Amino acid sequence: MPLVRDGKITDDAFVLVADDAPLPDDGAILISAKRFLEDPEAIARRLGKTGVVWPNNRDVDDLVPYLDRLAVVALVFPTFRDGRAYSQARLLRERFLYRGELRATGQVLRDQFVFMLRAGFDAFEVKKLADAEVFAQTTSRYSVFYQPTGDGRVTALNRRMQLRHSESAGL
Amino acid sequence: MYAYDELDRTLIHERVSEFRDQVKRRLSGELTEDEFKMLRLQNGVYLQLHAYMFRVAIPYGTLSSRQLRQLAHVARRYDRGYGHFTTRQNIQFNWIKLAELPDALADLAEVGIHAMQTSGNNTRNVTSDQWAGVAPGEIEDPRIWSEILRQYTTLHPEFSFLPRKFKFAITASAHDRAAIKVHDIGLRLHRNEQGETGFEVLVGGGLGRTPFIGKSIRPFVHGRDLLSYVEAIMRVYNQYGRRDNIYKARIKILVHELGIERFAQEVEEEWQQIRDGALKLDDAVVEEIRSRFTYPAYEKLAHMPDELRKAAHDPHFEAWRRNSVFPHKVTGYAIVTLSLKPVGGPPGDATADQMDALADLADKYSFGEIRVGHEQNLALPHVARRDLPVLWKALDKIGLATPNVNLVSDIIACPGLDYCSLANARSIPIAQELTRRFANHDTANLIGRLHINISGCINACGHHHVGHIGILGVEKNGEEFYQITIGGRADENAEVGTLIGPAVPYAEVADVIEDIVEAYLALRARPDELFVDTVKRLGVEPFRERVYATR
Amino acid sequence: MTSPLEQKKIKITGPSVVTANRTWDGIVVYRTVAQGWSAELADAAIVRTSDDARTLLAESVADDVGAVGAYIAPVEVEDGGEIRPGNLREQIRSAGVTIGLPVQA
């Protein structure tokens, strides 16, 4: 499954480690939330980078104390129609100021890329290679956005206000 | 009328272009139906019995004549020459081809019409009442807030994949014509003691399998906090609404299961975190939106012009005027309701020819504006009273002057089994027969205001739960049967109707309704006691007796 | 006519066909023996056991480039072999709406 970062397909530095497999001391790993929470201090002390796969039916509150020690938080879309991870993503980015990699996993399809970017995802385990290959052009499909999210895009309302101000300032 | 600017238009075009690509990928097989279905639903495309159905948004029920002409064009070019106006102020076309949909959408985009989020598990058309901006006694035009909400909810990245559909309605009048109490979020615009504009927020109303009347979650949310408060509600719903069972996935179930106090608390906690953030609406922003609503340059006109005085001798004109013409906030003007319920016709349908003719009349007599109501009728909101006689003649010619508005033959019906793949039974022929039984206008006037609502299945798109008389199609052993309820209301005193007895077969429904009406006429305390008030006073028993005595 | 979209178990009580809507234009079609789709009910493959129905439905659903929303519908087969829709819903799908188009003055 191709991983997309910065708009293009890249190698995935992180290895998913099963719950019953031993934890390597170094190297970048992804583990389940359940495993992580069994001993979060110890795991956070690992030499290598650590990422957690957080289920979409659990509040992110339990993960918040460890965010600054995590390189990746992977959220889950069990089907593309289950949109709970969008709320989780926005909370992590906008409320808890998480700055590491926020990865979308599960049924990640082309037609949700823009929504995911706006919600704060910056890495995508894309289901279909064909979708991964068109990531850049898909995400430039829209230029107008009505609502503010943490993505920094200027909303339509703000653009209108800016236009008004520049008009009234005689610019 | 709201004027779309470059940004609004760009977004619509970008959406059309995206959908065109999605349809291409579907037809080539690159997208499976499972992957495509939600995408097409989010562009208003259903699969029905015979064909695809295309539901086009008419935001808060307001159309320009140019837009109405374009709807007529779509009906002709891509469909079978007619459209159906719905209980949520939208329009539906029943015979559309998927392969032609991108072109139809592109044609509509030229006049600022779209089909974004008219279906799917997202936020739907924000409805208001069809007299918004012109009704006497309105606090302010609720459509300004509807437009603010429309923009906020359109392609919202966090809330495009909710547990289930989500519907808003707003009213700014004491008499609620927008049925806010049976919406997921209902908003009542009003002023607090300090004279500030804000909203009573109701949550968890809805019909369908488990009807609920909405509960008040906050008596006053200041206008500037509207969006952040709505975002808090939606975030709680998105995270905690049930996703295991589509029949328990609406917010009304979550509110019911948590209880309104606990739900309100969850929302409050979330809201406190975001109320001062980017969603806070400052006055300048609201003014920006308000400034793009234009209102007619009304003339100073007499309340009783000569034209009207002279026309009063014509009994047909008078019958129509007394029935279909309503007071306007500006002296000398009127709001005219156009009945789409002709005798023998399918309720809520209009032909392309009618739409074009109406667009011309709107230009001549209503400053180019038309409204769509959730009772599946249309309205001309800015008619000078002196033009009423000449307008009536023109409307009568094109079949839009049936004087039965709000009467027993002004029936609200879903498409039912003739069109809809969810239906158990037909609804349109029931409505047609009822309009024939009650075709006599004197009889209909004698009966007075009486709302009949017909749904072909429990999804209740005909809003039967809140009909004065509600008719619900069910199936028994492969035959069509109908459950009858009475005493429902959709307004500020909203309540769900009561079943009167066992379901009756298709052939008997019209007889049963006649029996109910006869019972009412015999039992009412005074001629002006409305049907629904007689039911309130006496309960269903006397009606039940009358109907089932010989059945 | 309880919506067949609510069919959870496949269990037929008589001769049945698989019907759907053609993907590109939405018209009513029936699954044929030749594993295609036809607008004519006469061309429909008939199944008479629940197992056969399940098999036919599964292979129909897999062909969603051609048609969508496939489900099993009852039919009546006359002595002469003529196939008729087996309930009101299928009659309406086959013959069209039971009402006239909107009335215009």
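Residue positions are counted from 1 within each chain, in the order its sequence is given. Here chains are named by letter from A upward and ligands by number from 1 upward, in the order in which they appear as written. Where totals are concerned, whole chains, interfaces and linings use all residues; where local detail is concerned, this predicted model gives features only for residues with pLDDT of at least 70, and gives and counts side-chain atom pairs only at 80 or more.

Asker: Explain the overall build of chain C to me, and be specific about the residues and the numbers.
Answerer: Working definition: helices are DSSP H or I runs of at least four residues, strands are E runs of at least two. Numbering for both runs from the N terminus. Within chain C one finds 2 helices and 5 strands. Taken from N to C terminus, the helices and strands of chain C fall in the order β-β-β-α-β-β-α. Burial is judged by counting other C-beta atoms within 10 Å of a residue's own C-beta: 20 or more means buried, 12 or fewer means exposed, and anything between counts as partly exposed, with every C-beta placed from the backbone. By residue count, 30% of the 105 residues in chain C fall in the buried class. What counts as a contact here is a pair of residues whose C-beta atoms, placed from the backbone, lie within 7 Å. Of all intrachain contacts in chain C linking residues separated by at least 6 positions in sequence, the fraction that spans at least 24 positions is 56%.

Asker: Please provide a residue-by-residue account of the interface of chain B and chain C, values included.
Answerer: With 39 residues of chain B at the contact, the number on the chain C side is 29 residues. If you list the elements that add at least two residues to the side of chain B that touches chain C, you get β12 (349-351), α12 (352-365) and α14 (428-437) of chain B.

Asker: Kindly report on the environment of A:Glu41, identifying the contributing residues and their values.
Answerer: Its place among the elements puts A:Glu41 in helix α2 (residues 40-44). On a C-alpha basis, the gap between A:Glu41 and A:Arg159 in space is 45 Å, while along the polypeptide they are 118 residues apart.

Asker: An account of the sheet that holds strand β3 (residues 15-16) of chain A is requested, with residue identities and associated values reported.
Answerer: Residue and element names in this part refer to chain A. Pairing is mixed across the open sheet formed by 8 strands, whose spatial order is β2-β1-β8-β7-β6-β5-β4-β3. Every interior strand has two partners, whereas the edge strands, β2 (8-10) and β3, have only one. What makes two strands pair is DSSP finding at least two bridges between them. As paired elements, β3 and strand β4 (residues 29-32) share 2 bridges and run parallel to each other. Paired with Val-15 across the bridge in β4 is Ile-29. Along the sheet, helix α3 (residues 84-95) makes contact with β6 (72-77) and β7 (101-106), crossing β6 at roughly 160 degrees. Note on definitions: angles span 0 to 180 degrees between N-to-C directions of axes, and those axes are lines fitted to C-alpha atoms, for helices only across the stretch in contact.

Asker: With reference to specific residues and values, describe the sheet that holds strand β3 (residues 37-38) of chain C.
Answerer: Residue and element names in this part refer to chain C. Taken together, the 5 strands give an open sheet; going across it, the order is β3-β2-β1-β4-β5, and neighbouring strands pair in antiparallel fashion. Only two strands of the sheet have a single neighbouring strand rather than two, namely β3 and β5 (83-85). Contacting β2 (28-31), β4 (67-77) and β5, helix α2 (residues 88-95) runs over the sheet at an angle of about 105 degrees to β5.

Asker: How would you sum up the environment of B:Ala460? Please name residues and give values.
Answerer: Residues and elements named next belong to chain B. Its location among the elements puts Ala-460 in the loop between β16 (452-455) and β17 (469-476). Linking Ala-460 and Asp-79, residues 381 residues apart in sequence, is a C-alpha distance of 26 Å. Ignoring sequence-local partners within four residues, the contact set of Ala-460 consists of Leu-207, Gly-208, Ser-455 and His-465.

Asker: Quick one: what's the story with the interface of chain B and chain A, residue by residue and with numbers?
Answerer: Every contact between the two is made by 30 residues of chain B and, on the other side, 27 residues of chain A. Every element with two or more residues in the side of chain B that touches chain A is listed here: α1 (6-27), α2 (33-41), α5 (142-153), α6 (226-240) and α9 (283-291) of chain B. As a working rule, the residues Ala, Val, Leu, Ile, Met, Phe, Trp, Tyr, Cys and Pro are called nonpolar, Asp, Glu, Lys and Arg charged, and the rest polar, with Gly in that last group. Within the side of chain B that touches chain A, the residues separate by chemical class into 13 nonpolar, 10 polar and 7 charged.

Asker: I'd love a proper account of unusual backbone geometry, names of residues and values included.
Answerer: Residues other than glycine predominantly adopt negative phi, and peptide bonds predominantly adopt the trans conformation. The backbone of B:Asn406 shows a phi angle near 70 degrees, a positive value even though the residue is not glycine. Among the secondary structure elements, B:Asn406 is positioned in the loop between α13 (388-397) and β15 (412-413). The backbone phi angle of C:Gln35 is positive, close to 60 degrees, even though this residue is not glycine. For C:Gln35, the location among the structural elements is in the loop between β2 and β3. Residue C:Gln35 is classed as partly exposed on the basis of its C-beta count, with 13 C-beta atoms lying within 10 Å.

Asker: How would you explain the arrangement of the chains if you had to name every residue and give the values?
Answerer: The structure contains 2 pairs of chains in contact, of which chains B and C account for the largest number of contacts. One thing to see here is that chain A and chain C don't touch, and their nearest C-alpha atoms sit 18 Å from each other.

Asker: For the domain arrangement of chain A, give the residues involved together with the corresponding values.
Answerer: Residue and element names in this part refer to chain A. Bear in mind that the domain bounds are from an automatic or database domain assignment. Segmentation of chain A into domains returns domain 1 (3-140) and domain 2 (143-171). Measuring from the centre of the C-alpha atoms in domain 1 to the corresponding centre in domain 2 gives 31 Å. Contact with domain 1, which involves 7 residues of that partner, is made by 4 residues of domain 2. Breaking the side of domain 1 that touches domain 2 down by element, the ones donating at least two residues are α3 and α4 (113-119).

Asker: Outline the pairing of strand β5 (residues 91-96) of chain B, supporting the account with residue identities and numerical values.
Answerer: Residues and elements named next belong to chain B. Counting buried residues in β5 gives 6 out of 6 residues, a clear majority hidden from the surface. One ladder, built from 4 bridges, connects strand β2 (residues 52-56) with β5; its direction is antiparallel. Bridge pairing links Tyr-52 to Ile-96 in β5. Where strand β4 (residues 82-85) lies against β5, 2 bridges are found, and the strand directions are antiparallel. Counted as the bridge partner of Phe-85 is Ile-91 from β5. What sits between the antiparallel neighbours β4 and β5 is a turn of 5 residues, in which Gln-89 has the positive phi angle 65 degrees.

Asker: Would you mind going over helix α3 (residues 65-78) of chain B in detail, with residue names and values included?
Answerer: Residues and elements named next belong to chain B. One fewer than the residue count of a helix, multiplied by 1.5 Å, yields its expected span. A rise of 1.5 Å per residue sets the reference length of α3, with its 14 residues, at 20 Å; its end C-alpha atoms lie 20 Å apart and thus fit the reference within 8%. For α3, the full list of buried residues reads Ser-65, Gln-67, Leu-68, Arg-69, Gln-70, Leu-71, Ala-72, Val-74 and Ala-75. Considering only its buried residues, α3 is in contact with β3 (62-64), β4, β5, α4 (101-109), α12 and β13 (369-372).

Asker: Any details on the pairing of strand β11 (residues 333-338) of chain B? Residues and values, ideally.
Answerer: All names here are of chain B. For β11, the tally of buried residues reaches 6 of 6 residues, placing the bulk of the element in the interior. Taking the residues that link successive antiparallel strands as the turn, the strand β10 (residues 325-327)-β11 hairpin has 5 residues, and the phi of Gly-332 there is positive, at about 90 degrees. With 5 bridges connecting them, β11 and strand β14 (residues 378-384) associate as antiparallel partners. Note that in β14 the partner of Val-336 across the bridge is Leu-380.

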